[in-house]
Structure formats: structure tokens, C-alpha cells
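Analysis of the macromolecular model
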Amino acid sequence: MGEKLTEYERRRLENIKRNDEMVAALKIHSRLNDLSAAAAASKRQRDESKSSKRSPVKKPRSESPVVLRRSLRSRGVPPDAATASGPNDDLTGRKLTFKNPQWNSRESTEVEGPLKMSGTYLGGDDGLNQKLIRTILQCSKKSVLSSDGDKGPRDSTVKLEKSEEFEKFIPGKRLTGSIDVNAFQLKPENIARVVPSRIMSLKFFPTVDMEMVVAGNKFGDVGFWNVNRKNEGGGGIYLYHPHSRPISGIVIDPFCISKMYTSCYDGFIRLMDVEKEIFDMVYYSDYTVYSMSQSPHDVKSLYFSEGRGGVNKWDVRAGKSCLKCDLHDERINTIDFNSENENIMATSSSDNTARIWDLRRINAVKPTPLKIVSHKRAVHSAYFSPTGKFLATTSLDDKVGLSSGANYEDTSMVYHYNRTGCWISTFRGIWGWDDSSIYIGNMKRGLDVISVEEAKTVTTLGSDLVSAITCRYEAHPYNVGMLAGATGGGQVYIWTQS
DNA sequence: TACCGGTTTAAATAC
DNA sequence: GTATTTCCAACCGGTA
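Attention in this report is confined to the structure presented alongside it. The structure displayed is predicted, hence computed values, not measured ones.

Analysis parameters
- Residues numbered from 1 in each chain as written.
- Chains lettered and ligands numbered in written order.
- Predicted model: local features only at pLDDT ≥ 70, side-chain atom pairs only at ≥ 80, totals over all residues.
- Heavy atoms only, no water.
- Helix = DSSP H or I, 4+ residues; strand = E, 2+ residues; numbered from the N terminus.
- Buried < 20%, exposed > 50% of the residue type's maximum accessible area, 1.4 Å probe, protein only.
- Contact = heavy atoms within 4.5 Å.
- Polar contact = N/O pair within 3.5 Å; in protein donor to acceptor, adjacent residues only side chain to side chain.
- Core = buried A, V, L, I, M, F, W, Y, C linked by side-chain atoms within 4.5 Å.
- Pairing = 2+ DSSP bridges.
- Salt bridge = Lys/Arg side-chain N within 4 Å of Asp/Glu carboxyl O.

1. So, the side chain of Thr120
By the secondary structure assignment, Thr120 is in helix H4 (residues 117–120). Judged by its relative accessible area of 3%, Thr120 is buried. Dropping the residues within four chain positions of it, Thr120 is found in contact with Leu115, Leu239, Tyr240, His241, Pro242 and Phe279.

Here you go:
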């Protein structure tokens with residue numbers, strides 16, 4: 001693992017060196033230009049970048065983007081050149097936002113076109129990249145075979161084969177079942193550092209054929225951890241760099257796990273297509289993509305947020321947007337869908353609200369939500385319970401909101417300290433496998449379990465093995481009782497039932 | 001309302 | 001262990 005970090009740092013240093021060379025080249029170039037014009041252009045770039053970072057235009061899609069990025073393809077640069085392009089002054093635009101100028105250069109991942117998986121692999125040895133590809137393809141093949149039949153997938157774990165839920169297994173629909181929160185255990189072998197730095201997104205592969213977790217960090221790295229050491233390739237960690245900025249969302253197609261979508265603050269949405277061994281470009285936005293989600297009822301659409309309050313519904317088959325609307329006044333932090341009602345969606349936003357929407361009624365210019373859950377500060381998540389009867393909202397106002405009722409009209413607020421500060425990601429209360437509990441990290445490196453019935457924190461799980469605050473959690477969709485927590489230092493902890 | 005700048009604050013690394 | 005460094009968030013309140 002230390003070697004991986006070293007390799008990662010080596011790649012970063014290489015990148016910085018490339019950037020330095022480009023900066024040096026630019027200096028020579030700028031001598032040829034009028035100094036005042038260069039200064040004005042520089043100031044304009046700064047201003048534009050700040051306005052797009054701190055306060056993206058209110059109606060991003062109805063106005064022309066201020067900064068246009070020129071397609072590298074149109075400039076004759078091969079689209080699959082993962083590391084071929086250095087940063088370029090006319091492409092940095094809104095990227096000029098950091099104090100350290102080294103970070104302001106356009107990164108090699110920000111090219112409009114596919115990136116080879118091998119080119120973005122940070123482990124050095126391409127044999128390991130190939131190993132991950134083989135592992136995912138093997139499982140994907142199994143899943144396809146089994147979802148074509150009527151019996152459900154063949155499962156390699158004894159536990160699920162014996163469970164009643166196994167018979168009900170449907171790709172895209174998470175399993176439900178009650179568990180004893182006091183039976184959670186953290187085993188030393190279920191701890192790993194999957195990426196360097198802060199984890200922003202965490203997902204399990206939606207399959208019962210292996211236990212694979214994916215983590216996206218703030219540098220645009222995506223790490224894979226094949227958790228179960230008993231399986232072939234188990235314990236392996238694989239690190240890629242397909243983006244340049246924080247990974248805001250990960251979506252894996254439950255019907256085809258060799259297709260994984262990632263969204264990023266850099267405005268890119270990529271599709272890791274394991275069969276083609278590429279991170280393909282699905283979409284590029286001039287505005288920050290803060291979140292991405294997929295409806296379990298419609299896996300051929302991606303929903304993602306853009307800039308200040310916009311939501312874009314993307315048709316992955318047609319490769320085009322099929323709906324754009326403004327749903328909030330500030331950035332949208334999460335998008336979630338009701339598992340029981342295909343028309344219901346929830347969004348959480350830094351405009352201090354979470355909103356519940358009827359998808360049939362958001363085509364309007366000024367769509368009206370079915371329900372607004374109001375907090376006093378930014379709302380960082382809004383998730384439906386497994387049955388869809390509850391909505392849990394997590395806000396920086398130190399409250400976890402619980403909304404229920406036919407139209408979610410009954411809202412109660414549970415106190416939970418949520419001020420995570422500047423070094424770690426915000427907390428998000430998630431659901432497990434029934435409607436009884438919400439799982440959320442705390443500032444003392446513990447895992448709080450909030451009882452819905454009692455409307456308070458009833459249990460706090462902890463372990464001496466946990467060395468940092470777990471800010472993001474993910475429940476395994478098909479493996480009841482498997483809960484992953486992620487830290488600001490790149491570690492992932494997986495709690496299991498016995 | 002856009003913008004500026006102060007503030008919060010954890011964890012890796014260096015000693 | 002303890003001190004030092006990090007400086008790719010995000011919020012809030014003051015100001016023009």
C-alpha cells in the first residue's frame with residue numbers, strides 16, 4: 001500500500017513537472033503579447049473562474065457558458081491520449097481558482113474523449129490493472145447469465161444462498177431485512193486504505209458474486225477494493241485517476257456491473273466501461289457536477305446536478321439530455337429515488353431545504369415540489385428509507401430530519417452534531433436494510449445509530465481500529481448487514497454481522 | 001447580490 | 001508521542 005502511495009505521488013510530481021514546463025512555455029509566449037492585454041485576460045479568467053466556482057450563474061443552462069473549452073479533438077489531439085496533453089492556458093478558464101498556481105493548470109484527465117484504464121492506473125504494473133478488469137468481467141458475466149434466467153444469480157457466499165431474501169433478489173432493487181445493530185463487528189482484515197486523501201463518494205458493486213467497494217476522493221482518484229480475501233483476487237486494491245477534482249457521484253449499472261459512471265466537480269461524467277478498458281466521456285459540463293444518481297426504476301437514465309440548483313436527466317442510450325430543470329437556489333448535494341414509487345425523487349441542497357418531487361411534474365419552467373423539508377443550514381443529504389415511507393435529511397444545522405406520512409407532511413428533527421469543519425466531508429445519514437435505523441458518523445470516530453421509532457441516537461458503534469472520522473457510509477445493496485464507512489484519510493472500514 | 005476574507009478543524013508527516 | 005504542515009471545503013457575515 002505504501003508503494004501505491006509512492007507511485008501516486010510520483011505521478012503527481014510528474015504532473016506538476018509537466019505543468020511547470022507549460023507555465024514556463026507560457027511565460028515565453030506571453031512576452032510576445034501586449035503586457036496589459038495579458039494582465040486583463042488573466043484577471044478575466046480569475047473573475048470568471050471565481051464566479052463559476054463560488055456562485056455559478058443562477059440559470060446555467062439557459063445562458064451561454066462564459067468560458068468555452070475547445071475540444072481537443074477539434075484541435076487534432078488524439079482523444080484517447082490519456083497523458084498526452086499538458087495544461088493549456090486557453091483551456092484552464094474556470095480552473096484558475098486556487099492559491100497555488102500549480103493546481104490551476106488543466107489536468108491530463110480533462111480531455112473530451114475516452115481515457116484508457118491503463119493510462120489512468122496508478123499502480124504502476126499494468127498486470128494489476130488487467131487483474132481488476134478480469135475480476136469485474138468474470139462477475140459481470142455471471143450476473144448476466146443469472147439475470148437472464150429465472151433463478152436469480154448464482155451466489156458464491158453460503159450466507160446468501162441460505163437466506164430467504166435470496167429468492168427475491170432482483171438487480172437494481174436492494175435487499176431488505178432486519179438486523180441487530182449490536183451485532184456489528186469490525187474485523188482487522190476489513191480495513192484498508194483505498195485511496196489517498198479525503199473520500200467523497202463510496203459505493204459497493206451491486207453484485208452477490210464478490211464484495212467490491214469503490215471510493216472516489218477529492219483529487220479525482222477512484223480506488224477499488226476487492227474485500228473478501230477468500231475469493232480469487234481478494235484483498236486487492238486498485239487505484240485510478242480518471243478525474244481531476246472531487247468525485248461527487250458513483251453509479252454502477254445493477255444489470256451490468258462492468259459499467260460504472262463517475263461524476264466530478266471538474267464537470268465531467270465518465271463511464272468506466274470495463275469491456276472496452278476505458279473511462280469513456282459521457283458528458284461534460286461547464287458547471288460543477290455536485291451529485292449524481294440513478295433511479296432503480298429507470299437504469300438507462302442518469303440524474304445529476306449542475307451548478308447552482310440545476311438537475312439534468314441524461315439518456316445514456318441516446319447519449320443526450322432528456323430533461324433539464326432548476327429545482328433549487330443553491331448547489332444540490334444529493335439526488336435520491338423512492339424504491340416503491342417510480343415517480344418520486346428527493347433532492348437536498350445548500351439552500352437549506354430538501355425537496356420531494358413528482359417526476360411527472362418537473363417539466364414546468366418553475367416546478368413545484370410535493371414537499372419542502374426546511375432546515376436552518378445547508379442540507380447535505382435526503383434519502384428515502386428502504387420502503388420509501390420515510391425521508392431522512394441531514395443538515396449542518398445539527399439536525400437529522402425524519403419525514404413521514406402520506407405526503408411526508410410529518411417531520412421531526414433529531415439532534416446530531418454535524419459540523420465537520422474543513423478537513424473532512426460532511427456527514428450523511430443513510431438507511432440500512434429496513435426502516436428502523438439511520439447510520440451516521442460522528443466526530444469521535446464512531447458510528448451513530450439513530451432509531452426512527454425513538455427519534456434519537458440509541459447506539460454508537462466504535463472500535464480502537466478506527467483511526468479517523470468516518471464521514472461517508474454505504475450499505476451493501478444485496479448483502480444485509482454489510483456496512484462500509486469512509487474517512488477523510490482514504491480508509492474504508494467494513495462492518496459486518498458476525 | 002456578488003464578492004471578499006475570516007473561520008472551522010483532521011490527519012499525514014516530520015521530528 | 002508531539003509538533004508541524006496541509007493549503008483542489010464550505011459556510012458566514014461584512015461590504016460595496
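2. A short note on the side chain of Thr470
By the secondary structure assignment, Thr470 is in strand E27 (residues 470–475). A distance of 2.6 Å separates a polar atom in the side chain of Thr470 from a polar atom in the side chain of Tyr473. When neighbours within four sequence positions are excluded, Thr470 is seen to be in contact with Phe427, Gly441, Gly446, Gly485, Ala486, Thr487 and Tyr493.

3. Details of the nonpolar core
One broad trend across soluble globular proteins is that nonpolar side chains are buried collectively. Phe184, Trp431, Ile438, Tyr439 and Leu483 are the most contacted members of the largest nonpolar core, which totals 34 residues. Mapped by element, the contributors of at least two residues to this core are strand E2 (184–193), strand E21 (399–404), strand E23 (430–431), strand E24 (437–441), strand E25 (447–451), E27 and strand E29 (491–497). Leaving out residues up to four positions away in the same chain, Ile438 has contacts with Ala392, Val400, Leu402, Gly429, Ile430, Trp431, Asp448, Val449, Ile450 and Val452. Among the nonpolar cores identified, the runner-up in size contains 24 residues, and Val111, Met117, Phe205 and Ile247 belong to it.

4. Here's the deal with the pairing of strand E8 (residues 259–264)
With respect to burial, E8 is a largely interior element, five of its six residues being buried. Sheet topology places strand E7 (residues 247–252) next to E8; five bridges connect them, and they run antiparallel. Along E8, the bridge assignment pairs Val251 with Tyr261. Between E7 and E8, which follow one another and run antiparallel, lie six residues. With five bridges connecting them, E8 and strand E9 (residues 268–273) associate as antiparallel partners. Residue pairing for E9: Met260 is matched across the bridge by Met272. If you look at the hairpin formed by E8 and E9, you'll find three residues sitting between the two strands, and Gly267 has a positive phi there, around 95°.

5. A closer look at the pattern of salt bridges
Within this structure, the stated rule accounts for eight salt bridges. Put simply, Lys300 and Asp253 hold a salt bridge, and the shortest N to O gap is 3.5 Å. Pair noted here: Lys300 is in strand E12 (residues 298–306) and Asp253 is in the loop between E7 and E8, with a separation of 47 residues, a long-range link. Using a relative accessible area of 29% as the deciding quantity, one classes Lys300 as partly exposed. Judged by its relative accessible area of 2%, Asp253 is buried. Arg360 is the salt-bridge partner of Asp358, the closest N and O atoms lying 2.9 Å from each other. You can call Asp358 buried: its relative accessible area is 10%.

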